Amino acid sequence: MFSLHKTKGGVHPPQHKDTRDCPVQYIDPPKKVRIPLNMHIGKPCEPCVSVGDHVYVGTLIGDGEGLYAPVHASISGTVTSVAVEDLPTGQRAPVVEIEGDGKMDKDPSIKKPTYSTKEEFIDCVRASGVVGLGGASFPTWFKMKAPAGKKFEYLLVNGMECEPFITSDFRQMMEHAGRVIDGCKRIIDALEIPACCIGIEDNKPEAIELLTKTVEEKGVGDKIEVMAVPTKYPAGGEKVLIMELTGRAVPAGGLPVDAGCLVMNVTSVSRVEEYFRYGEPLVRKTITVDGDCVKNPGNYRVPVGMNVRDVIEVAGGLVKEPRKVLMGGPMMGRAISSLDCPVLKANNAILCWDDLAVLPEQTPCIKCGRCVRACPLGLDPARLAVASNNHDLLALDELGVMNCMDCGSCTYTCPAHRHINDAIRNGKAFYRAEIQRLAELEKGGE
Amino acid sequence: MKLIVEGSPHFAGPDSTRKIMGLVCLALLPTVIAATVLYGLAAPLLVLVCIATALVCEHLCCIAMHRESTADDFSAVVTAMLLSMTLPADCPFWAGALGTAFAIVVVKMLFGGIGCNIANPAVAGRVFLMVALPAALGSYPAPEGTPLDAITGATPLAEMAGGAHFDYLQLFLGNHAGALGETCILTLLIGYVFLLVMKVVDAWATLPFIGVVAVMSLITGNDVVAQLLSGGLALGAFFMATDYTTTPTTQKGKIIFGLGCGLITSLIRFFASAPEGVAFSILFMNMLVPLIDKYTAPKPEGGVKRALV
Ligand code: SF4
Ligand code: SF4
């Protein structure tokens, strides 16, 4: 059904997948969680609990409308605060704080969801609170709604895990292969998608083998195919994955559906399936904890909203003081300013670094063209960075600044260690604001 | 606990400017050794004088420009080595130093330093010396202890214009009169292949450059092999048409650049009165790089959704 297609650019950072053989460990519930209500792309949720309320695991604590995903309590206990806070990730969000009672009682209203139509299915997925768990955090249910006139031809399941260090998706595939395949089957059946392809980087041969075998055992080989994809960062970028598996390019400013694709991370698929099997919404997340400062690196299943400090404690604590702590992988993860930071739904790693914390000094661009060759989307990162720094709106427009997916390949490969990706990020923000301002001016002028 | 907060990515690749420039210096080393064998101790001394001049000039310029010194990134060394390679071994040291100073101060630093120069400093320095001090560069010493009877002689290109023929092997080994780093094709090739293997340079400009010269020699009835093995072609095509800053960034752009260099070199060699055209051709094509870059810009996947225009 599927074949591999050539993609541009990409880089080969060292893999550091040292935790790949660490099975997921289940941990004792923390005493406290702080759950932000903006763990998805779109509008933050409105809190629907107040201080003093008793909540169970799975109780709805944040709801909204439009582009959003509901948020649920991840431990049982009492709500101790509902307030807007500045998080160490640099974001500002309403946060619900829950003091645990240590019981982890499930919400009594939780039951196995049922559906008979496509719309009901999507509604169930919405209620599950699942978002793009590869890190994108786009509400999954919203993705599943194909706009009028467009339809999904393929479900592409992203099992690439191309970020260095992270092995949580790998563990998900190894430990829950059946669930992943059942999830794929359920989604393509419910959404009437003809074919599904699970793409896995060829540095994970065990996962490829296991999933291929599972597909065979379940007799769904006519619809689901497992593909080994050459290891290259960012093979797991949404647009890159689509290009790799279908040869199609997502048109600028468009969505995967414009290329006929629904793209989901393996763990997202698995969590959707889990919801349909047991009715428990997304309240726990498997996280790879690694880095030279962590005593017991490994994969841990932690409640959403658990403090990074507590997670590190569970992983045996720190053996030395880190100089940089990342939420996510080295290529796209976020450096946090303090360990008092809640784990978010889409987080898949916590890395505590001393040895790798300091990056080389920036030197002048030597126009070597490595960044151009590394960009998987065919952009000109060096010129985009200059245009961003100069606030050159026209150049940003012409060079397609909004196409950039922040993969960081350009910065990684740059021998002058230019902060290209950083500059482009700022350029995007500037561009977005300016375009909006111009649009408003135009409206005002009419 | 004070944590470093900065934007992603948090990994840096293995390449650095210093490493790249260092590798280029290393790649030029065999040719310096060959020049020492061929032309005696004057050759490496001239190279050293140029390197010292370049480092001092770059450092002083950085001080004058109130910026951190870039003298330690080896780029000035590369410029100095390349420039000295285009000089005859008996070129007075002061002339070598003058050319280097011009290359670094005027061509490189006045334009903003590393990465900002429009022309290749080494090439521009060489052309400057050719124009300003034709006498210092007028004659080329023959290799020591060779059957060539004159101490200084015409270069093969000049002699070929007069109808002389050459032994290809001697040309390949550099056993003839010429600039100290231009004659020994063997060592230049070793250096270039080394850079190719280390992925420092590619062949997108080099091959078209050499190819066009070959085709044009054929068309004009010249000795193709002798043309390819003599003059500054190898040095230029291997080490100057592969410079980052002064050549296009994309594959397509590099091919155009190489074709242009080859064409101009051939025009000068075969139709103008000057026997050598590599330096001029590279310099000329350097000026066209912004234009080439503009028309060979990479195409974004999925196109660009323009909000303006
Ligand atoms: S990789 Fe770095 S040095 Fe090379 S062109 Fe891009 S920004 Fe400039
Ligand atoms: S960060 Fe943007 S510009 Fe840089 S390589 Fe990735 S997509 Fe291209």
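The shown structure was predicted, so the numbers you read here are calculated from the model rather than taken from an experiment.

Participant: Even after reading the chapter, I still don't get the sheet that holds strand S8 (residues 92-100) of chain A, so can you show me in this structure?
Facilitator: In a beta sheet, neighbouring strands pair by backbone hydrogen bonds and run either parallel or antiparallel. All names here are of chain A. Pairing is antiparallel in the open sheet, where four strands are placed in the order S2-S8-S7-S4. Lying at the two open borders of the sheet, with one neighbouring strand each, are strand S2 (32-36) and strand S4 (54-55). In the sheet, S2 pairs with S8 via five bridges, with the strands oriented antiparallel. In the sheet register, Arg34 faces S8, and the bridge partner there is Glu97.

Participant: Explain the site of ligand 2 to me, please; I cannot follow it from the model alone.
Facilitator: Residues and elements named next belong to chain A. Near ligand 2 there are 13 residues, and of these Cys375, Cys404, Cys407, Gly408 and Cys410 occur at the shortest range. A majority-of-atoms criterion places ligand 2 in the second largest cavity. At the level of secondary structure, the elements contributing two or more residues to the shell around ligand 2 comprise helix H12 (409-413) and helix H13 (420-445). Among the residues forming the shell around ligand 2, the class breakdown is nine nonpolar, three polar and one charged.

Participant: Hey, could you run me through unusual backbone geometry in this one?
Facilitator: With the exception of glycine, the majority of residues adopt a negative phi angle, and the majority of peptide bonds are in the trans configuration. Following A:Tyr233, the chain continues to A:Pro234 via a peptide bond in cis, the omega torsion being -5°. With respect to the helices and strands, the residue A:Pro234 is situated in the loop between strand S11 (224-229) and helix H6 (238-246). Each neighbour pair has its own omega, and for B:Ser8 with B:Pro9 the value is -5°, a cis peptide bond. Among the structural elements, B:Pro9 can be located in the segment before helix H1 (17-39). For A:Met104, which is not glycine, the phi dihedral falls at a positive 55°. Tracing the sequence through the fold places A:Met104 in the loop between S8 and helix H1 (118-128). The phi dihedral of A:Glu192 falls on the positive side, at around 55°, and the residue is not glycine. Note on placement: A:Glu192 falls in the loop between helix H4 (177-190) and strand S10 (195-201).

Participant: Would you explain the site of ligand 1 in this entry?
Facilitator: Neighbouring ligand 1 are 13 residues; A:Cys365, A:Cys368, A:Gly369, A:Cys371 and A:Cys414 lie closest to it. Per-class residue counts for the shell around ligand 1 are nine nonpolar, one polar and three charged.

Participant: Mind showing me how you'd approach the packing of aromatic side chains here?
Facilitator: Describing an aromatic ring pair means giving the distance of the ring centres and the angle of the ring planes. Scanning all chains against the criterion turns up 13 aromatic pairs over all chains. Taking the centre distance of 4.5 Å and the plane angle of 5° together, the rings of B:Tyr192 and B:Phe238 count as stacked. Of this pair, B:Tyr192 sits in helix H8 (residues 185-197) while B:Phe238 is found in helix H11 (residues 233-240), placing the two residues 46 residues apart along the sequence. Residue classification places B:Tyr192 among the buried positions, given a relative accessible area of 5%. One aromatic cluster in this structure is built from A:Tyr68, A:Phe138, A:Trp141 and A:Phe142.

Participant: Mind showing me how you'd approach the nonpolar core here?
Facilitator: Most often, soluble globular proteins keep nonpolar side chains buried together rather than apart. In this structure, B:Phe209 and B:Phe239 are the most contacted members of the largest nonpolar core, which totals 83 residues. Among the elements that take part in this core, H1(B) stands out by supplying twelve residues, more than any other. For B:Phe209, the residues in contact, after removing those within four places along its chain, are B:Leu233, B:Gly236, B:Ala237, B:Ala241, B:Gly258, B:Leu259, B:Cys261, B:Gly262, B:Thr265, B:Val278, B:Ser281 and B:Ile282. In this structure, A:Val49, A:Ile188, A:Val220 and A:Leu344 belong to the second largest nonpolar core, which totals 60 residues.

Participant: In this structure, what is going on with helix H4 (residues 93-109) of chain B? I would like to understand it.
Facilitator: An α-helix turns once every 3.6 residues. As a result, residues three or four positions apart point the same way. Here H4(B) spans 22 Å end to end across 17 residues, near enough to the 24 Å set by a 1.5 Å rise per residue. On its buried face, H4(B) sits against helix H2 (42-64), helix H3 (75-85) and helix H5 (121-132) of chain B.

Participant: How should I be thinking about the interface of chain B and chain A in this particular structure?
Facilitator: It is common to report an interface's size as the accessible area lost on association of the parts. With 43 residues of chain B at the contact, the number on the chain A side is 71 residues. Taking both sides of the interface into account, the surface hidden between chain B and chain A amounts to around 4,400 Å²; carbon and sulfur atoms contribute 59%. Area buried by chain B at its contact with chain A is led by B:His10, B:Phe11 and B:Glu301, which between them contribute 19% of it. At the surface where chain B touches chain A, the tally comes to five salt bridges. Across the pair A:Lys8 and B:Glu301 runs a salt bridge, and its minimum N-O distance is 3.3 Å. The tally of links from chain B across to chain A stands at 22 residue pairs in polar contact (both at pLDDT 80 or more). When residues of the side of chain B that touches chain A are traced back to their parent elements, those giving at least two are H1 and helix H13 (278-295) of chain B. Of the residues that constitute the side of chain B that touches chain A, the class distribution is 20 nonpolar, twelve polar and eleven charged.

Participant: Would you take a moment to explain the domain arrangement of chain A for this structure?
Facilitator: All names here are of chain A. Along its sequence, chain A is carved into domain 1 (24-110 + 281-353), domain 2 (118-278) and domain 3 (370-445). Listed per partner, the contact involves six residues of domain 2 and six residues of domain 3. Taken together, both faces of the contact between domain 2 and domain 3 bury some 500 Å²; the carbon and sulfur share is 65%. Ranking the residues of domain 2 by area buried against domain 3 places Tyr233, Pro234 and Lys239 at the top, with a combined share of 64%. Here domain 2 and domain 3 share zero salt bridges between them. Inspection of the region where domain 2 meets domain 3 yields two residue pairs in polar contact (both at pLDDT 80 or more).

Rules used in this analysis
Counting restarts for each chain: residues are numbered from 1 in the order of the written sequence. In the order they appear in the text, chains get letters beginning with A and ligands get numbers beginning with 1. It should be noted that, the model being predicted, local features are given only for residues of pLDDT at least 70 and side-chain atom pairs only at 80 or more, the latter also being counted only at that level, while totals for whole chains, interfaces and linings use all residues. Excluded from the side-chain calculation are hydrogens and water; included are all heavy atoms of the structure. Two strands qualify as a pair provided that DSSP identifies no fewer than 2 bridges between them. Helix numbering and strand numbering both begin at the N terminus, where a helix is a DSSP run of H or I of at least 4 residues and a strand a DSSP run of E of at least 2. Residues are counted as near a molecule or strand when any one of their heavy atoms sits within 4 Å of it. Put plainly, a pocket is an open set of points on a 1 Å grid over the protein atoms alone with protein on both sides within 12 Å along at least five of seven lines, a cavity is a set where a 1.4 Å probe fits but cannot get out, and a lining residue has an atom within 4 Å of a point. Each molecule is assigned to a cavity or pocket provided more than half of its atoms lie within 2 Å of the corresponding grid points. Residues are grouped as follows: nonpolar covers Ala, Val, Leu, Ile, Met, Phe, Trp, Tyr, Cys and Pro; charged covers Asp, Glu, Lys and Arg; every other residue, Gly included, is treated as polar. Only Phe, Tyr and Trp rings are paired, with Trp represented by its six-membered ring, and only when their centres lie within 6.5 Å; those with planes under 30 degrees apart are stacked, over 60 edge-to-face, the remainder tilted. Exposed residues in this analysis have more than 50% of their type's maximum accessible area, buried residues have under 20%, and partly exposed residues fall in between, with area computed by a 1.4 Å probe over protein chains only. Only buried residues count toward a nonpolar core, which is a set of Ala, Val, Leu, Ile, Met, Phe, Trp, Tyr and Cys residues joined through side-chain atoms within 4.5 Å. It only takes one pair of heavy atoms within 4.5 Å for two residues to be counted as in contact. Expected span of a helix, by definition, is 1.5 Å for each gap between consecutive residues, and there is one gap fewer than residues. Put simply, buried area is the surface a 1.4 Å probe can reach on two separate parts but cannot reach once they are joined, added for both. Should a side-chain nitrogen of Lys or Arg be within 4 Å of a carboxyl oxygen of Asp or Glu, the pair is scored as a salt bridge. Two N or O atoms form a polar contact when they lie within 3.5 Å of each other; inside protein one atom must be a possible hydrogen donor and the other a possible acceptor, and for residues adjacent in sequence the pair counts only when both atoms belong to side chains. The start and end points of each domain follow an automatic or database-based domain assignment.

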